[in-house]
Amino acid sequence: MVRLSGEMDLSRVDEVRAVLLEAVTRWDGPADIVVDLSALTFCDSAGLNLLLRARLQALEGGRTLRLAAPNAQMLRLLDITGSLPLFPIDTVPPGFGDP
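Residues numbered from 1 in each chain as written. Predicted model: local features only at pLDDT ≥ 70, side-chain atom pairs only at ≥ 80, totals over all residues. Heavy atoms only, no water.

Trainee: Even after reading the chapter, I still don't get helix 1 (residues 13-25), so can you show me in this structure?
Mentor: An α-helical turn contains 3.6 residues, so any two residues separated by three or four positions project in the same direction. In this model, helix 1 (13 residues) spans 18 Å end to end at C-alpha, consistent with the 18 Å of a helix rising 1.5 Å per residue. For helix 1, the secondary structure elements touched by its buried residues are strand 1 (2-8), strand 2 (32-43), helix 2 (45-60) and strand 3 (64-68). (Helix = DSSP H or I, 4+ residues; strand = E, 2+ residues; numbered from the N terminus. Expected span 1.5 Å × (residues − 1). Contact = heavy atoms within 4.5 Å.)

What follows is the structure in structure tokens.
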């Protein structure tokens, strides 16, 4: 799981890229890579582009990139760009409600 917080924009893309790419390319990683967006406050086109690239890398490795608990701004960005159907969306953060 990758947990993002704050803003994911052009100024943070390089930092987030390293974390996401490590998660999707780990040889011993899970089949589903969950990106917890519950603490993400903003995402621009640079952040969306990064998620789309990470999704492709995950697919190349036979994995799925899931987005968990995206806020309304993120859902709108995914919707208006036509990217929403590309990602499985979990409406709650990972572990929410687990015993």
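Trainee: Even after reading the chapter, I still don't get the pairing of strand 1, so can you show me in this structure?
Mentor: Working note: regular strand, side chains alternate between the two faces of the sheet. Relative to strand 2, strand 1 runs parallel, the two being bridged by six bridges. Its bridge partner being in strand 2, Gly-6 is matched across the sheet by Leu-40. Following the chain from strand 1 across helix 1 to the adjacent parallel strand 2, one finds a crossover that is right-handed. (Pairing = 2+ DSSP bridges. Right-handed = clockwise from strand over helix to strand, strands pointing away.)

Trainee: What should I look at first to understand the packing of helix 1 against helix 2 in this one?
Mentor: How two helices sit against one another is set out by the angle between their axes and by the gap between those axes. The N-to-C vectors of helix 1 and helix 2 enclose an angle of 15 degrees; their axes lie 9 Å apart at closest approach. As far as their axial angle goes, helix 2 and helix 1 are roughly parallel. As helix 1 runs across helix 2, the sense of the crossing is right-handed. Each of Val-13, Val-16, Arg-17, Leu-20, Leu-21, Val-24 and Thr-25 in helix 1 lies in contact with helix 2, whose residues at this interface are Ala-46, Gly-47, Leu-50, Leu-51, Arg-53, Ala-54, Gln-57 and Ala-58. Looking at side-chain class alone, the contact of helix 1 with helix 2 contains 10 nonpolar, three polar and two charged residues. (Axes fitted to C-alpha atoms, helices over the stretch in contact; angles between N-to-C directions. Parallel < 35°, antiparallel > 145°, perpendicular 65-115°, else oblique. Left-handed = near helix turned anticlockwise from the far one by under 90°. Nonpolar A, V, L, I, M, F, W, Y, C, P; charged D, E, K, R; others polar.)

Trainee: Hey, could you run me through the sheet that holds strand 1 in this one?
Mentor: Hydrogen bonds along the backbone pair up the strands of a sheet, which may run parallel or antiparallel. As summarised here, the arrangement of the four strands in space is 1-2-3-4, forming an open sheet in which the pairing is parallel. What marks the edges here is a single partner per strand, and that holds for strand 1 and strand 4 (89-90). Here helix 1 sits on the sheet and contacts strand 1, strand 2 and strand 3; the angle it forms with strand 1, its principal contact strand, is near 160 degrees. In the packing of helix 2 onto the sheet, contacts are made with strand 1, strand 2 and strand 3, and the angle to strand 3 comes to roughly 140 degrees.

Trainee: What exactly am I supposed to notice about the confidence of the model for the protein here?
Mentor: A low pLDDT score tells you not to read the predicted coordinates there in detail. The predicted model of the protein averages 94 in pLDDT, with 97% of residues at 70 or higher. The lowest-confidence element of the protein is helix 1, averaging 93 in pLDDT; the highest-confidence one is helix 3 (residues 72-80), averaging 98. (pLDDT = per-residue confidence, 0-100.)

Trainee: Before we go on, may I ask you to explain the pattern of salt bridges in this structure?
Mentor: Pairing is possible between side chains of opposite charge, provided their charged atoms come close. Per the stated rule, a full pass over the model turns up six salt bridges. Arg-12 is paired through a salt bridge with Glu-15; the nearest N and O atoms lie 3.6 Å apart. Residue Arg-12 is classed as partly exposed on the basis of its relative accessible area, which comes to 22%. Residue Asp-90 is joined to Arg-66 by a salt bridge in which the shortest nitrogen-to-oxygen separation is 2.6 Å. Taken together, the residues Asp-90 in strand 4 and Arg-66 in strand 3 connect sequence positions 24 residues apart. Its relative accessible area of 21% is what places Arg-66 among the partly exposed residues. Through salt bridges with shared partners, one network takes in Glu-22, Arg-26 and Asp-28. (Salt bridge = Lys/Arg side-chain N within 4 Å of Asp/Glu carboxyl O. Buried < 20%, exposed > 50% of the residue type's maximum accessible area, 1.4 Å probe, protein only.)

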